[in-house]
Amino acid sequence: MTEPAATLTQKRLQILGDEEIENLYGVPHFTPEEQTEYFTLSERETTALNRFHSIKSRIHAILQLGYFKARRLFFDFSVDTAIADAQYVQERYFPDAELTEITISKVTRLKQQRLILELCNYRICDDDARQTLADKASQAASVCGKPVYIFRELLRYVEAQRLVAPGYSVLQNIVSGAIVNEQNRLSQVVHDRLTETEIAALNQLMEDAPGLYEITQLKREPRDFSLGEIKREIHRGEQIETLYPLAQHLLPALEISNESIKYYASLVTYYSVFRLKRLPQGMVHVYLLCFILNRYQRLHDNLISSLRYNVKRYVDSTKDAAKERVYEYRIENNQNLEKAGQVLKLFTDNSIPEDASFQTVQARAFEILERQKLVFVAEHIVSQAQFDETAFQWGHVDTLAAQFKRNLRPVLLSVEFATSLAGAPLMTAIDFLKSAFQKGRSLTQYPTDRFPMQFIPEAVKRYLYDASASDAKLLPDRYEFLVYRQLRNGLESGDVFCRDSVRFRSLEDDLIDEQRWQQKAALIEKTGLTMLNQPIQDHLADLKGRLEARIVAVNERLITGKNEHFEVKQRGTKSRWTLHSPGASDPINHAFFDPLHQLNISSVLHFVNQRCQFMTAFEHLLGRYTKQDADEPTLMAALIAWGTNMGLGRMGQSSDLDYHTLAATSDNFIRLETLRAANDLVSNATAELPMFHHYDVGNVVHSSSDGQKFETQLSTVNARHSPKYFGLKKGVVSYSLVANHIPVNAKIIGADEHESHYVFDLLFNNTTHIQPEVHSTDTHGTNEINFALLSCFGYEFAPRYRDLYSRVSTSLYGFQHPSQYDEGHLLQPIRKINTTLIIDEWENIQRILVSLAFKTVTQSVIVGKLSAYARKNRTKRALWEYDNIIKSLYLLDYVDSLTLRQNVHRVLNRGESYHQLRRAISYANFGKLRFKTEYEQQIWGDCARLLTNCIIYYNTAILSDLVTHGDFSSDTARVAALSLVSPVAWQHINFHGRFEFGKMPKSIDMNAILQQLLRSLSL
């Protein structure tokens, strides 16, 4: 064994930037409105502060109390540093006094602080509390090693415990100590458990090799699902195959979260080999083990995704070929049918002698239509036979054999599949194929009775044999293809899985394990999902009362004509109803912004950064190991290059910055975590503007999510064909969550992925302060479990359906048999809810929901698996039943409420407006993405979102200044009109031209803009 890693030297971390520190710990600078808010005293506060006799003591106490309300901190200030606030307090409370000095003695200051703590029910962070903070920091460090994360967790704790936050340097030391202790702990565990051989194997990844370091090769991701890329991915798996069991065995002993494993793995991707070698060896081994585990599982995701993609491609090809074949046969048959009619006329042809031989007539018939075709037409007429399209499909499989063998066999040999099904006949067939391929034997060398046949559906069997052979010989190529097809179906249904994967593990592996689930009550308590604590029988009784009452009430309003927008149309003996719902929307590029002069996008970013400090989120890749800060103009140029789809190379040509400078800044500062933090800063700042809540819909934050298609010029593993949107090309989808016009979260997904799998994911992983209460999607955002999931987590799901009549006719359920409802009701439940199934499976449903709450896996993975599971799964069926209850309540409300329908329509239009702005920003290369990897697409997506966030902040700031200006704020009609002006506007923003980042961006005079708009509004 090697010696343990040397104790890491404790350093003071640079957690926050100077301006962030000032915003957190500096004396507040109040606006006039804030002065009124924070310096207004309650009767209790007035009585308490009157204990101080001198005017300066009282002024000082009022200032200290106001500052404490704002920051929960005490400050040492004088009349000079707080002159504006001191004058306000003096003029409001002591108008006859003269303000000269407010400095007080230390004894008086401490007395005031004790009194303020009592008034606000806070306490000082003493030694015991600081020790608790150190313990909390240690816990947070095991969840995530990022200093900012630990710092924020400590601030949340002191706020929750009503503690006065310690000074910044104290928290720096606590965070630094927690990180150092955590690294020492991890290093010691690794030192104790790794052998010399294992250490040498890990170090080998960073040794010089011909061409590239081995770890550098492993960092690469496949660009697409071509055979060459998949073989290289398989080779990468072989490189770390022997180390993967080590990572599986050792990482649980580290007792770190999945989030930490992903974070440490990402450091291997970000650090160069040179930098890794300079880090403490123990931590490098931790990083490498996390990387190996994460990379090996992602590698299997890629291989299985390639198998699913290729099998689907081949199946679609067989269907297209079969349809073409049927079409050709029908054309030929129609043509031959006409000639067959001419043959029939021979029997009535008077020109043929009566004594003519049959052979003579037959010869003339064959001159009209050759024998084989005549036989085919005759049989078709006699039997009224249909063309066997399935036979044509299997016939085309024969022509694809060389392709699918070449592309699918390597994946089959490289992935270990498993199933939970009893008997697992499909797994027997898979093992048979693997054994044959590993021995290098052709399937034709095996007799038919050696092939496992139990997995073959009865309807398919006849297509797997050579019909022309007398002994019903099995066709091996068709047999092999059927195995691949059934394997794909099993993966999508959840019956087949791979434990060395993330997306394709079994649902059981994704959930909280059985041992931990024994503490069910405590786990539910920690989630805060209070409805899970209610007995399911009581919960269902509540839902029954609500649903049955709504069925009666909604139908009564329809029958009595109180629902004026409901219309029944009679078509013969059938009737069909429709809803007339006038829409409400916020138009984009509102004429309100037309008077404004055009600004470069760089000036807008500079202005927003001055207000929001979002640039502070871009910390250097090496974190505490470097003191280098980003150069703001260069970082801004890189963000614009990414977000506009221009690329760093073209930005180097179109600006006064060279490519190498841009690339270095991008590599060091731009990554998903920094981009998302920057977006959150801008989103949160926008939400604090006065205009934000004027965009509430129905007095709540009502969000929407929708996907936007983007064509890709380069193939990537997530790029998919979509003829409707991309023609013969491929593309991806940017799926965004928009709340009050603000894009608070987004994700790039494949064009073939179901958007509904990501609805809960975007909402639950939204890290901004903007938390929607109601959420809408179009039909693509709906599935059989989203109503249940969102309801359990406190969201109201409000989708818009393409065909509402059909949806209500097939999806309205009740707690009684349909025959028990009034026949006169226009909306009738189609089936009774199976409450027994829900009750029986409720514990399993609870386990799924708690697993989602604890983020044991990516939420979209579980949602996707639940959506794909076959109906025979009892838990899935129970969850569907529960979903049907919530969905039925919503459908009744949607039919009954014009306001609800208008609100849903309005927020979905806001999402469409955002998409148009997003499209305008990503203008370069005709909007076609040129990124080589899925990771680069995610970077582009969040850069583009950051640019849109900044534009929306800028526009909202303008509207906010106007809505709070003078008499405007008291004119409710004008304010209401202004709330209809969407901040999604860009006619006054210039995205094009040559950029000059060496010059100071043009400053934005908000007062001048305000005056300009006031003049235009008065015309």
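The structure this text deals with has already been given above.
Residues numbered from 1 in each chain as written. Predicted model: local features only at pLDDT ≥ 70, side-chain atom pairs only at ≥ 80, totals over all residues. Heavy atoms only, no water.

Asker: Is there a simple way to think about the overall build of the chain in this case?
Answerer: Counting secondary structure elements, the chain contains 41 helices and 14 strands. Expressed along its principal axes, the backbone C-alpha trace of the chain runs to roughly 140 × 85 × 65 Å. When the accessible surface of the chain is split by element, carbon and sulfur atoms take 48% of a total near 47600 Å². (Helix = DSSP H or I, 4+ residues; strand = E, 2+ residues; numbered from the N terminus. Areas by Shrake-Rupley, 256 points an atom, 1.4 Å probe, with all protein chains shown as cover.)

Asker: When you look at the nonpolar core in this model, what are you seeing that I'm missing?
Answerer: Proteins that are soluble and globular tend to have nonpolar side chains buried together. Grouped together as the largest cluster of nonpolar side chains are 164 residues, with contacts concentrated most on F614, F618, L639, I670 and Y954. With 16 residues, the single largest contributor to this core is helix α39 (residues 934-963). Apart from residues no more than four positions distant in its own chain, Y954 is found in contact with L599, V604, F607, V608, H988, I989, I1004, M1006 and I1009. Formed by 55 residues, the second largest nonpolar core is a distinct cluster that contains Y67, A140, A141 and V148. (Core = buried A, V, L, I, M, F, W, Y, C linked by side-chain atoms within 4.5 Å. Buried < 20%, exposed > 50% of the residue type's maximum accessible area, 1.4 Å probe, protein only. Contact = heavy atoms within 4.5 Å.)

Asker: Teacher, can you tell me more about the packing of helix α38 (residues 898-921) against α39 here?
Answerer: Working note: a packed helix pair is described by the angle between its axes plus the distance between those axes. For the pair α38 and α39, interaxial distance at closest approach is 10 Å and the crossing angle is 115°. Overall, the two elements α38 and α39 adopt an arrangement that is roughly perpendicular. Crossing handedness for the pair α38 and α39: right-handed. Between α38 and α39, the residues in contact are Y914, L917, R918 and I921 and W940, G941, A944, R945, L947, T948, I951 and I952, respectively. Here the contact of α38 with α39 is composed, by residue class, of eight nonpolar, two polar and two charged. (Axes fitted to C-alpha atoms, helices over the stretch in contact; angles between N-to-C directions. Parallel < 35°, antiparallel > 145°, perpendicular 65-115°, else oblique. Left-handed = near helix turned anticlockwise from the far one by under 90°. Nonpolar A, V, L, I, M, F, W, Y, C, P; charged D, E, K, R; others polar.)

Asker: Which parts of the structure should I look at to understand the packing of aromatic side chains?
Answerer: All chains considered together, the criterion is met by 38 aromatic pairs. Between F931 and W940, the aromatic rings sit 6.3 Å apart at their centres with planes inclined by 35°, giving tilted as the arrangement. An aromatic cluster is present here, built from F30, Y38, F39, Y67, F75, F77 and Y88 joined pairwise through their rings. (Phe/Tyr/Trp six-rings, centres within 6.5 Å; stacked < 30°, edge-to-face > 60°.)

Asker: What's the story with helix α4 (residues 55-71) in this structure? I'm lost.
Answerer: Count 3.6 residues to each turn of an α-helix, and residues three or four apart come out pointing the same way. For α4, with 17 residues, the first-to-last C-alpha span of 24 Å sits near the 24 Å given by 1.5 Å per residue. Those residues of α4 that fall on the buried side of the exposure criterion are S57, I59, H60, A61, I62, L63, Q64, L65, G66, Y67 and F68. A positive phi of about 60° marks R72, the residue just after α4. (Expected span 1.5 Å × (residues − 1).)

Asker: Would you mind going over the pairing of strand β8 (residues 730-739) with me for this structure?
Answerer: Note on strand geometry: in a regular strand, side chains alternate between the two faces of the sheet. Most of β8 is tucked away: ten of the ten residues are buried. Because side chains alternate across β8, one face comprises the buried residues K730, V732, S734, S736 and V738, and the other comprises G731, V733, Y735, L737 and A739, equally buried. Strand direction decides the pairing type here: strand β6 (residues 702-712) and β8, joined by ten bridges, are antiparallel. Across the sheet, the residue bridging to G707 is Y735, located in β8. (Pairing = 2+ DSSP bridges.)

Asker: Would you mind showing me how to read a nonpolar patch on the surface here?
Answerer: A cluster of nonpolar side chains, namely I559, V568 and L826, defines an oily patch on the protein surface of about 250 Å² accessible area. Structurally, the position occupied by V568 is in strand β3 (residues 566-571). (Patch = residues over 30% accessible without salt bridge, like charges linked within 9 Å, V, L, I, M, F, W, Y side chains within 5 Å. Salt bridge = Lys/Arg side-chain N within 4 Å of Asp/Glu carboxyl O.)

Asker: Would you mind going over empty space enclosed by the protein with me for this structure?
Answerer: Unfilled space is identified by rolling a water-sized probe across the atoms. Applying the stated criterion across every chain yields a total of two cavities of 30 Å³ or more. Of the voids in this model, the second largest cavity is the one considered here, and its volume is about 40 Å³. R676, S734, A746, K747, I748, Q938, G941 and D942 are the residues that line the second largest cavity. Of all elements in the fold, only β9 (742-750) and α39 reach the threshold of two or more residues within the lining of the second largest cavity. Of the residues assigned to the lining of the second largest cavity, the class counts are two nonpolar, three polar and three charged. (1 Å grid on protein atoms, 1.4 Å probe; cavity = no way out; pocket = protein on both sides within 12 Å on 5 of 7 lines; lining within 4 Å. Points joined across faces, edges and corners; volume = space filled by probe spheres on them.)

Asker: Would you mind showing me how to read the pattern of salt bridges here?
Answerer: Any two side chains of opposite charge can pair, given that their charged atoms come close. In the structure shown here, the tally under the stated rule is 33 salt bridges. With a closest N to O distance of 2.8 Å, D893 and R550 form a salt bridge. Taken together, the residues span a long stretch of sequence, with D893 in helix α37 (residues 874-896) and R550 in helix α25 (residues 536-559) at a distance of 343 residues. Taking relative accessible area as the criterion, D893 reaches 29% and is therefore assigned partly exposed. Exposure remark for R550: the relative accessible area of 23% places this residue in the partly exposed category.

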